[in-house]
Amino acid sequence: MDSVRTTLGPRGMDKMIVDGRGKATISNDGATIVKLLDVVHPAAKTIVNIAKSQDAEVGDGTTSVVLLAGEFLKQCKSFIDEGVHPQVIIKSYRKATHLAVDRINEIAIKIKKDDPNEQRELLEKCAATTLSSKLIANQKSFFSKMVVNAVMLLDELLPLNMIGIKKVQGGALEDSMLVSGVAFKKTFSYAGFEMQPKKYTNPKIALLNIELELKAERDNAEIRVDNVEEYQKVVDAEWNILYDKLEKLHLCGARVILSKLPIGDVATQYFADRDMFCAGRVPDEDLRRTMKACGGAILSTVNNVTDSVLGTCESFEEQQIGGERFNFFNGCSNAKTCTILLRGGAEQFIEETERSLHDAIMIVRRAIKNDAVVAGGGAIEMELSKYLRDYSRTIAGKEQLLISAMAKALEIIPRQLCDNAGFDATNILNKLRQKHAQGEKWYGVDINNEDIADNFAACVWEPAVVKINALVAASEAACVILSVDETIKAPKSQGGGGSGPPVPGGRRGMGRPH
């Protein structure tokens, strides 16, 4: 809890986590931090799991979900100490969660999807809100546009693996670029590669899953020959098989040859002599993205290759980016994929930028699928807190106290935002309570002016699904931990073989028969 508490919000601090091998990771993403911590306590592992599920489901709100779960448990501790049965607390928490989710759905503002400009503006604001609490907050306007452009290039299913993120050290963050197609790092190449052209217009592209090199003899293989001529025939046959494959690739009209398996020095030189470009050992992910962008199919044979199985693009080019060379496929006919090339200084900085962009991409995908938004900056939590507190006064019994406790727990988000920015949390929360009591439901913390503001008007927007998911996950985790009344730890077996008699011949197998 305390390790992620200070990372919340635009003024949140970063954490440096050093693993056993000395690798340092700098991050303020709640899910990344809890994943890297070596958590041993079983109850704490439940909270780690909800942070992971929040990251996988919606991408953002991972710190919020950990804070809420911890605060829900903290608020009910006094009731447990006074002898209130855990099942009473669980029932009340579930009821309060249900009320809160209904309230979010009731007040969330729907965006009209029929106006593309309005929808784009909404998506950019959601991405900017996510990036405002990250390391790259100063460049949020630059990256929010890039993220929205990237997601808009995908098909209706919005597959995450169709957005490739490549990291190149050096240069400034603003040198990062979005390629509406595919770009991947130059693969290992043999002599003859430099003779190949590095630029084509409207080339045909062959995507292969074939090895184009002379294979070494299999281990323990045996070929019996009586004379040198027979051995020569074996060698010639091997070369002829390779040249036959290369000739068929040349005749099919392909100018760019990409293969998942190695392309040897003979094949590289053969292609270079015929003004063809080749790259072997292309990662599977990049090959599939190239197929999605340029069309065609991944071939496992070179026989009967027709234009229908070859891809094409407007231009192919190899460019130098920083210290690396990249292959670019631009102007792809049916591009449903894109690549973001990230630039920056330190390795940890680029990795944190990648994590930040991943969160923003997830949020934009969610906002496209679920078009309801709410105000961030603690506004929605304060509104839910006020709603639950008002509701609790209309019922009697222990439930009144427990729903009121959950209402108080929700105030942890605006309180922590104030604490992390160095503001007087009590003063600002009192102002927020007053505004929400007057019906101003979108008022939240204004980080820039150390005050409160209408965060919906200030365009601090978040998809409603982020808040719903965080609330439900935190409540479920608190209920799971509350429902446990005893921890039983299974003792370790002695010597790995239990308490039975020793097995003859050591611990493995049954020993040798006598």
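Residues numbered from 1 in each chain as written. Predicted model: local features only at pLDDT ≥ 70, side-chain atom pairs only at ≥ 80, totals over all residues. Heavy atoms only, no water.

Undergrad: I'm lost on the sheet that holds strand β3 (residues 109-110) in this one. Help?
TA: Sheets are built from strands that pair by backbone hydrogen bonding, the pairs being arranged parallel or antiparallel. Ordered by their spatial adjacency, three strands build an open sheet running β3-β15-β18, and the pairing between neighbours is antiparallel. The outermost strands of the open sheet, each flanked by one partner alone, are β3 and β18 (461-463). In this structure, strand β15 (residues 372-375) lies alongside β18, joined through three bridges in antiparallel fashion. Paired with Val374 across the two strands is Glu462, which belongs to β18. Contacting β15 and β18, helix α16 (residues 464-482) crosses the sheet at an angle of about 65 degrees to β18. (Pairing = 2+ DSSP bridges. Helix = DSSP H or I, 4+ residues; strand = E, 2+ residues; numbered from the N terminus. Contact = heavy atoms within 4.5 Å. Axes fitted to C-alpha atoms, helices over the stretch in contact; angles between N-to-C directions.)

Undergrad: How should I be thinking about the packing of aromatic side chains in this particular structure?
TA: A ring pair, where both rings are aromatic, is described by two values, the distance of the centres and the angle of the planes. Following the criterion strictly, the structure yields 13 aromatic pairs and no others. Taking 5.2 Å as the distance between ring centres and 80 degrees as the angle between the ring planes, the aromatic pair formed by Phe188 and Tyr190 counts as edge-to-face. The class of Phe188 is exposed, set by a relative accessible area of 53%. Ring geometry for Phe193 against Phe277: centres 5.6 Å apart, planes inclined by 65 degrees, an arrangement best described as edge-to-face. (Phe/Tyr/Trp six-rings, centres within 6.5 Å; stacked < 30°, edge-to-face > 60°. Buried < 20%, exposed > 50% of the residue type's maximum accessible area, 1.4 Å probe, protein only.)

Undergrad: Quick question: what am I supposed to make of the nonpolar core here?
TA: Generally speaking, a soluble globular protein has its nonpolar side chains buried in company with each other. Phe72 and Ile340 are the most contacted members of the largest nonpolar core, which has 92 residues in total. Top element by residues in this core is α16. It accounts for 11 residues. Here Ile340 is in contact with Met146, Ala150, Ile163, Gly164, Ile165, Lys166, Met177, Leu178, Leu357 and Ile361, once residues within four sequence places are set aside. Leu208, Leu242, Tyr270 and Val302 belong to the second-largest nonpolar core, a separate cluster that totals 21 residues. (Core = buried A, V, L, I, M, F, W, Y, C linked by side-chain atoms within 4.5 Å.)

Undergrad: Help me understand the sheet that holds strand β14 (residues 338-344), please; the structure alone is not making it clear to me.
TA: Pairing in this open sheet of three strands is mixed, and the strands run β4-β14-β5 from one edge to the other. Whereas interior strands pair on both sides, the edge strands pair on one side only; in this sheet they are β4 (163-169) and β5 (177-179). Sheet twist, expressed as the average angle between the axes of neighbouring strands with direction ignored, equals 20 degrees. Sheet topology note: the β5/β14 ladder contains three bridges and is antiparallel. Opposite Met177, over in β14, you have Leu341 as the bridge partner.

Undergrad: Explain a nonpolar patch on the surface here, please?
TA: A contiguous nonpolar surface patch, about 360 Å² in accessible area, is contributed by Ile223, Val225, Tyr231 and Val234. Mapped onto the elements, Ile223 comes out in the loop between β8 (204-208) and α8 (228-251). (Patch = residues over 30% accessible without salt bridge, like charges linked within 9 Å, V, L, I, M, F, W, Y side chains within 5 Å. Areas by Shrake-Rupley, 256 points an atom, 1.4 Å probe, with all protein chains shown as cover. Salt bridge = Lys/Arg side-chain N within 4 Å of Asp/Glu carboxyl O.)

Undergrad: What is the right way to look at the layout of surface pockets in this model?
TA: Empty space among the atoms becomes apparent when a probe as large as a water molecule is rolled across them. The space that makes up the largest pocket amounts to roughly 830 Å³. The wall of the largest pocket is formed by 44 residues, among which Pro10, Thr129, Ser132, Ser133 and Val460 lie closest to the centre. When contributions to the lining of the largest pocket are tallied by element, the ones reaching two or more residues are α4 (62-81), α6 (116-131), α14 (412-421), β16 (443-446), β18 and α16. A per-element tally of the lining of the largest pocket places α6 first, with five residues. Taken together, the residues of the lining of the largest pocket sort by class into 17 nonpolar, 17 polar and 10 charged. (1 Å grid on protein atoms, 1.4 Å probe; cavity = no way out; pocket = protein on both sides within 12 Å on 5 of 7 lines; lining within 4 Å. Points joined across faces, edges and corners; volume = space filled by probe spheres on them. Nonpolar A, V, L, I, M, F, W, Y, C, P; charged D, E, K, R; others polar.)

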